[in-house]
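# What the coordinates show
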Amino acid sequence: MNSAPGGASGSRQRLQGTKELSDNKIDKRALQKGLLLEFQKDSQRSLLAVVERPDGKKNWMVTDQNGILSSIKPQQVTYVVPGVMNFDASRIDEFLEKAQDLLDPTVLECAWMELSEKDKSIMVEEFAEIVYGNKESLESYCAHFLLSRDIVYFVKVESRDCSMYQPRSPPQVEELLRRKRAKEEAEKELEEFVHLVKSAKALPMESKPPKSSWLLDEKVRQKIEALQAYAVDACDDEQRRLAGNILKAMGFTRTSSAALKLLINVGYFPAHVNLDLFKYDVRTMYTEEVLSAAEELLVGRPDSDMHIRKDLSTLKVYAIDVDEADELDDALSAIRLPDGRIKVWIHVADPTCMIKPRGIIDREAMHRGTSIFLPTATFPMFPERLAMNVMSLQQGKQCKSVSVSVTLHPDGSIAEYTLENSVIKPTYMLTYESATELLYMSLEEEEELRILQEASSICAQWRRSQGSIDTAMIEPRIKVSNPDDPEPNINLYVEDQANPAMQLVSEMMVLCGEAVAAFGADNNLPLPYRGHPQCNTAVSAFSHLPDGPARSFANISVLRAAEMDFQKPVPHGILGIPGYVQFTSPIRRYVDLLAHYQVKAFLRGDSPPYSAGDLEGMTFIASMHVKVARRLHSNSLRYWLLEYLRRQPKGRKYKALILKFVKDRMAVLLLVEVGMQVTTIVSRGKVGDEVSVAVDTAHPRDDILSIREVIEDTDDNEE
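Residues numbered from 1 in each chain as written. Predicted model: local features only at pLDDT ≥ 70, side-chain atom pairs only at ≥ 80, totals over all residues. Heavy atoms only, no water.

A separate point is a nonpolar patch on the surface. A cluster of nonpolar side chains, V662, M666 and I681, forms an exposed patch at the surface whose accessible area comes to about 260 Å². In this fold, M666 is placed in strand β22 (residues 666-671). (Patch = residues over 30% accessible without salt bridge, like charges linked within 9 Å, V, L, I, M, F, W, Y side chains within 5 Å. Areas by Shrake-Rupley, 256 points an atom, 1.4 Å probe, with all protein chains shown as cover. Salt bridge = Lys/Arg side-chain N within 4 Å of Asp/Glu carboxyl O. Helix = DSSP H or I, 4+ residues; strand = E, 2+ residues; numbered from the N terminus.)

Now the structure itself:
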């Protein structure tokens, strides 16, 4: 805003202009020494000054009210005070002191009421005579000051000889007054909000107001949500303006990190808040309509497939998953046939016995695409009471499923297969760790588990003979038990995908996908067939690398993009099979659910609910959300891995495996104990070798990780 007479000194602070002044041509008289004038110092200030002398052809040297000598251009002059000659610059303060008593903004309204009736423009000196009774120097200057800063009653109009002020129309004045009051109210609200924020910020963490308290009052909620949108860089123009004003009033820089820090400091966000949930507008809650529809399903719905379900409840059934799995949607059985061949069953949960294509629950699942698994929370594709209870396989209970049975040739290829609706009774719910222990123990009473392992082994051998590529890596898994605490508990698990139980389950899932693809091809059934072209680089190109993560990393680096077909199977070069359909996770992956709809309709003798074109469109929609879910998972996992590393003792050494050299000695490493890939310079070693490294810096919020190689001391070095 334009400053009042006298700038920032003394009592003159209370009079402040509110309108940016426009340039004013000085046509009435030439500037000369001793004139008292007002000029535009900058976009924020206008000052009084006395003309001293010319400065070049056009500019003039002036001494302003602060005693500063400076050069100004004629265009900077906004008003020349009339009737003043040979004015002494030392008397400007005295002049401004006298002006204070006359600068009453209420005279503007009185003058406007009189002049608007006549719709008459008026010069500054005329205005002074109307409101002050004379047009002497002081009164004329005060009239200019009031008119030039007025934003409501008068508007400046240029005539050929001088500046005139035109009274605005009553509707214009009414609208401008409304805007002025709104602005004043907004400034008052901002002041109150800043006070509220400062008070909350000063409280100890345990005493800060709960998040819900910031959302009760609409005006407070609006400002908090503006800060939240600003923190994730997902705000509209109004939110950006509002958040910027709040940060400025708090004395912070206008940055997203400053907004985030403020929200954490007042207790609205926990210290480890996942901003991606807001940035990507992730569906973490369900509408009342969806929840109501889910409750109706829980009351009971007839199973239209009951008359064709095969009772497989006498089979021993193993469900193997991570220890904190909430949704259990697949399990395994196996027997050895009299002719020595192996027959396996992959039992898959059957959510389609409850939900129907194109229904409200189905549409919600499509627009989620997948369940989202984060270290801090799980956001299921279906409402929780469905996904984690009645839809999931449960130990010791009769469960509806779709069972894919496969009889294997001795070489591991498929001899026979069937798909049927079934009822099973899961015998064991095992973690990968406990299943691996059982495999090592080789208990006689768990013969079926040993048969499954044998089936897994010969299937893997068959696929390798068909050109499959090993992509098993070491992957981290993190569970954070109390994420809203400032120092939550972090449980890190490092999964070796070459683990026997993981390999067993993985092979059976691939076998199931191959059998379903064959079923679709044999019955001309539209399905979401997934394929993968063979890579241009032969697998033998990496045979010199040690078996394990180094070779797998090299294999993954040359893979080509996946392909989809919705009418017939396409070869899957990575898996080494002629066709593949994802089928084993219908509770957590929508594309798997689509395959179930199609297969279930065929088994029932009905036409498939979706054409190939329908499947393509729905898969595209679901896949967009799957990409977001993967990004969320990846970002969140990295954040908590960095937080884990940040907490480790300074100087702790980690074993690292060299996976690749990027340039010269800059290498991609795998931290074996953490399961995380990092980059740093190493002085020795080749791909596949182990080196030691230490963490210098780990900042999860800023996504900063600095790693350095640690050279181990040797006896030779000590000598």
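Reading across the sheet, the five strands line up as β23-β22-β21-β24-β25 and stay open at both edges, with antiparallel pairing between neighbours. On the outer flanks of this sheet lie β23 (676-681) and β25 (704-709), each paired with one strand and no other. For this sheet, the mean inter-axis angle between neighbouring strands, taken without regard to orientation, is 45 degrees. In this structure, strand β21 (residues 653-663) lies alongside strand β24 (residues 690-699), joined through five bridges in antiparallel fashion. Bridging across to β24, K655 finds its partner in S692. Along the sheet, helix α16 (residues 549-557) contacts β21, β22 and β23; its crossing angle with β21, the most-contacted strand, is approximately 35 degrees. Each of β21, β22, β23, β24 and β25 touches helix α18 (residues 612-647); the most contacted strand, β24, lies at about 100 degrees to it. (Pairing = 2+ DSSP bridges. Axes fitted to C-alpha atoms, helices over the stretch in contact; angles between N-to-C directions. Contact = heavy atoms within 4.5 Å.)

What follows covers the sheet that holds strand β2 (residues 46-55). With respect to topology, five strands assemble into an open sheet ordered β4-β3-β2-β1-β5, the strand pairing being antiparallel. The sheet is open, and its two edges are formed by β4 (69-72) and β5 (77-80), each paired on a single side. Averaged over all adjacent pairs, the angle separating strand axes in this sheet is 45 degrees, with direction ignored. Of the pairings in the sheet, the one linking strand β1 (residues 36-40) to β5 comprises three bridges and is antiparallel in character. Bridge pairing links E38 to Y79 in β5. Each of β1, β2 and β3 (59-64) touches helix α1 (residues 92-100); the most contacted strand, β2, lies at about 150 degrees to it.

Let us look at the packing of aromatic side chains. Taken as a whole and judged by the stated rule, the model has 12 aromatic pairs. With a centroid separation of 5.3 Å and an interplanar angle of 35 degrees, the aromatic rings of F269 and F278 are classed as tilted. Residue F269 is classed as buried on the basis of its relative accessible area, which comes to 3%. Relative to Y428, the ring of Y318 has its centre 5.4 Å away and its plane inclined at 25 degrees; by these criteria the two rings are stacked. Here the residue Y318 occupies a position in strand β9 (residues 318-321), and Y428 occupies one in strand β16 (residues 428-431), the gap between them amounting to 110 residues. Ring pairing ties together the aromatic residues F87, F95, Y141 and F145, which thus form one cluster. A cation over an aromatic ring shows up here: K211 above the ring of Y268, its NZ or CZ 4.9 Å from the ring centre. Over the ring of Y493 we find R477; its NZ or CZ atom is 4.7 Å from the centre of that ring. (Phe/Tyr/Trp six-rings, centres within 6.5 Å; stacked < 30°, edge-to-face > 60°. Buried < 20%, exposed > 50% of the residue type's maximum accessible area, 1.4 Å probe, protein only. Lys NZ or Arg CZ within 6 Å of the ring centre and 35° of its normal.)

Time to look at the pattern of salt bridges. With the rule as written, the count across this model stands at 40 salt bridges. Here R179 and E175 are joined by a salt bridge, their closest N and O atoms 3.0 Å apart. Residue R179 and its partner E175 are located together in helix α5 (residues 170-202), separated by four residues, close to a single helical turn. With relative accessibility at 28%, the residue E175 sits in the partly exposed group. Note that K223 and E189 form a salt bridge whose closest N and O atoms lie 3.3 Å from each other. With K223 in helix α6 (residues 218-231) and E189 in helix α5, this pair connects stretches of sequence that are 34 residues apart. Accessibility expressed as a relative area gives 4% for K223, which makes it buried. Counted as one network, the salt bridges with shared partners bring together D303, D305, R309, D350, K600, R604 and D606.

Per the UniProt record, the feature "coiled-coil region" (unreviewed entry) sits at residues 173-203. As annotated, residues 173-203 has a helix share of 97% and a strand share of 0%, and its two end C-alpha atoms lie 45 Å apart. (UniProt positions renumbered as here; feature names shortened; annotations may be inferred.)

Nonpolar side chains in soluble globular proteins generally cluster together in the buried interior. If you look at the biggest cluster of nonpolar residues, it comprises 43 residues, and the most contacted ones within it are V344, L452, M508, V516 and F583. Considering every element that reaches this core, the biggest residue donor is helix α15 (residues 500-522), with 12 residues. The contact partners of L452, leaving out residues within four places of it in the chain, are Y318, L332, S333, A334, V344, L504 and M508. The next biggest cluster of nonpolar side chains, apart from the first, holds 38 residues, and it includes I355, M381, L593 and L594. (Core = buried A, V, L, I, M, F, W, Y, C linked by side-chain atoms within 4.5 Å.)

So, on to the packing of α5 against helix α7 (residues 237-250). Between α5 and α7, the least distance of the axes is 10 Å, while the angle of their chain directions is 60 degrees. In terms of orientation, α5 lies oblique with respect to α7. Of the two elements, α5 crosses α7, and the hand of that crossing is right-handed. Contacts from L190, F193, V194, V197, K198 and K201 in α5 reach N245, I246, A249 and M250 in α7. Counted by class, the contact of α5 with α7 contains seven nonpolar, one polar and two charged residues. (Parallel < 35°, antiparallel > 145°, perpendicular 65-115°, else oblique. Left-handed = near helix turned anticlockwise from the far one by under 90°. Nonpolar A, V, L, I, M, F, W, Y, C, P; charged D, E, K, R; others polar.)

Position of V390 among the secondary structure elements: in helix α12 (residues 384-390). In the structure, V390 is positioned 93 residues away from L297 in sequence and 9.7 Å away in space, judged by C-alpha atoms. Apart from the residues lying within four places of it in its own chain, the contact partners of V390 are L298, M354 and R385.

So, about unusual backbone geometry. A positive phi is found at R358, a non-glycine position, where the angle reads about 70 degrees. In this fold, R358 is placed in the loop between β11 (342-349) and α11 (360-366).

Turning next to helix α10 (residues 288-299). Because each turn of an α-helix spans 3.6 residues, side chains separated by three or four positions in sequence point in the same direction. Helix length check: α10 (12 residues) gives 17 Å between terminal C-alpha atoms against 16 Å at 1.5 Å per residue, within 8%. Within the sequence span of α10, burial applies to V290, A293, A294 and L297. Down the axis of α10, the buried set is contained in an arc of 100 degrees. They therefore lie on one face. For α10, the exposed residues lying more than 90 degrees away from the buried face are E288, E296 and V299. Of the surrounding secondary structure, the elements contacted by the buried residues of α10 are α11 and α12. (Expected span 1.5 Å × (residues − 1). Arc of directions from axis to C-beta.)

On to the pairing of β24, then. In the sheet, β24 pairs with β25 via six bridges, with the strands oriented antiparallel. The residue bridging A698 from the neighbouring strand is L705, located in β25.

Relative to the assigned elements, S405 resides in strand β14 (residues 399-408). Here T418 takes part through its side chain, which lies 2.3 Å from a polar atom of the side chain of S405. (Polar contact = N/O pair within 3.5 Å; in protein donor to acceptor, adjacent residues only side chain to side chain.)

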